[in-house]
Every structure is written in structure tokens, then in C-alpha cells.
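# What the coordinates show
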Amino acid sequence: MSDDHHDDEHFHTGESGAAATFPKQCSALRKNEHVMIKGRPCKIVEMSTSKTGKHGHAKVHMVAIDIFTSKKLEDICPSTHNMDVPVVKRREYLLMAIEDGFLSLMDPETCDQKEDLKVPENEIGTQIQEALNKDEGSVLVQVVSACGEEAVLGWKVSTKE
């Protein structure tokens, strides 16, 4: 075996190699934490645990809200089983402009531009548009990303320059 075959191997690499989710035991999950239900990243709003039954497993009943669509989802899982927990990242970006329904954002730390996010089609989108038009200071938008999806879920006006 010679080492000159290594040049022939091509590996397709993902973004950072980090997984979008990690396993966590059901009994260790808590209210206001994130969990994957039906393949969607959700925030737990209610939890209850049933007693151990005839077959020896306590069940955990979870009610959660999808962090992107705000839909209510439920799941029941034995307390000893693992559930996937999404890796949720929050970042703040400086809003530069709104062009053709897309936000023109800049990362305040790296000065990188980001222009692939649509203006939210809800109250938050309207408020961001109004805040930008008022020009009372820098508009900072909070972008939440999980499982390959990202969305603007909040905003604020920063008066410091």
C-alpha cells in the first residue's frame, strides 16, 4: 500500500461537522428547554410524568411549541428513553436595509453581510419595517437557527452608536 492513493479520495464536508441535534434522556428534559418533536425543533411549554405502569416505564408527556411556526405539538416518551434536542443558536444582526422583501443584515462582530432572510410575514416583520423607517437608532434583529432553518424571532432598537 502506497500513500499516493490519498489524493484520489474526495470527501464532501458539511458546514462545521457539528450535529444539528444531540440525545438527552426524557426524564432530564425541563420546561423551556428545546426538543425535537415530529422532526421539528420545539420549546417545551408543559411537562407531566406518569407513574410507572404494569410494564415498568414512567412516561413523560410533553407539550411544546415549534420555534419557527408556533404550532403546538405533543409527544409521549418513556422517561428512560432518549429524545433529540436541537442545537439552537441565537445571533444579533444589525439591520442595514430591506430590499425586495429580504433583510440586509450585518454581523456587528465580523462585519459579514447576510442577505438571505425574508422579512417575517407577521407582526414582527411589520414592527421591524416601522422601526427602520422611524430611524431612531440602529435596529438589531435576533436570528434563531436550528436544524438548518433560521428565522427572525425578535428585534430591538439600539441607540448607542
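Above this note sits the structure.
One structure accompanies this document, and this report is about it. On a predicted model such as this, the values are computed, not experimentally measured, just so you know.

In terms of burial, strand β8 (residues 102-106) is largely enclosed, as 4 of its 5 residues are buried. Pairing analysis gives 5 bridges linking strand β7 (residues 89-99) to β8, with the strands arranged antiparallel. Across the sheet, the residue bridging to E99 is F102, located in β8. The hairpin formed by β7 and β8 contains 2 residues between the paired strands, and D100 there has a positive phi angle of roughly 50 degrees.

Strands sit in the order β2-β3-β4-β5 across an open sheet of 4 strands; the sheet is antiparallel. Two strands close off the open sheet at either side, each with one partner strand: β2 (34-37) and β5 (72-78). If you compare each strand with its neighbour and ignore which way they point, the axes differ by 45 degrees on average. With 7 bridges connecting them, strand β3 (residues 40-49) and strand β4 (residues 59-66) associate as antiparallel partners. Considered in β4, the bridge of M47 is made with M62.

For the rest of this paragraph, the subject is the sheet that holds strand β10 (residues 138-146). Across the sheet, which stays open at both edges, the 5 strands sit in the order β9-β8-β7-β10-β11 with antiparallel pairing between neighbours. One side of each edge strand has no neighbouring strand; the edge strands of this open sheet are β9 (113-118) and β11 (149-158). Here the strands of the sheet are splayed against their neighbours by 40 degrees on average, with no regard to which way each runs. Where helix α1 (residues 123-134) meets the sheet, its contacts fall on β7, β8, β10 and β11, and the angle it forms with β11 comes to roughly 40 degrees.

Here we come to the pattern of salt bridges. In this structure the tally under the stated criterion is 7 salt bridges. Ionic pairing is found between E33 and K24, a salt bridge with its closest N-O pair at 3.0 Å. The exposure class of E33 is partly exposed, given its relative accessible area of 25%. Residue E149 pairs with R40 through a salt bridge whose shortest N-O separation is 2.5 Å. With E149 in strand β11 and R40 in strand β3, the pair connects residues that are 109 residues apart, well separated along the chain. Taking the relative accessible area as the measure of exposure, E149 reaches 29% and is therefore partly exposed. Within this structure, R40, D66 and E149 form a network of salt bridges that share partners.

So, about unusual backbone geometry. Despite not being glycine, N32 has its phi angle at roughly 75 degrees, a positive value. Although it is not a glycine, D135 sits at a positive phi angle of roughly 60 degrees. Taking relative accessible area as the criterion, D135 reaches 64% and is therefore assigned exposed.

Once that is clear, we can look at the pairing of β9. Relative to β9, β8 is paired through 4 bridges, and the arrangement is antiparallel. Following the sheet pairing, L103 is matched in β9 by L117. In this antiparallel pair of consecutive strands, β8 and β9, the connection spans 6 residues, and C111 shows a positive phi of 65 degrees.

Conventions we followed
Residues numbered from 1 in each chain as written. Predicted model: local features only at pLDDT ≥ 70, side-chain atom pairs only at ≥ 80, totals over all residues. Heavy atoms only, no water. Buried < 20%, exposed > 50% of the residue type's maximum accessible area, 1.4 Å probe, protein only. Helix = DSSP H or I, 4+ residues; strand = E, 2+ residues; numbered from the N terminus. Pairing = 2+ DSSP bridges. Axes fitted to C-alpha atoms, helices over the stretch in contact; angles between N-to-C directions. Contact = heavy atoms within 4.5 Å. Salt bridge = Lys/Arg side-chain N within 4 Å of Asp/Glu carboxyl O.

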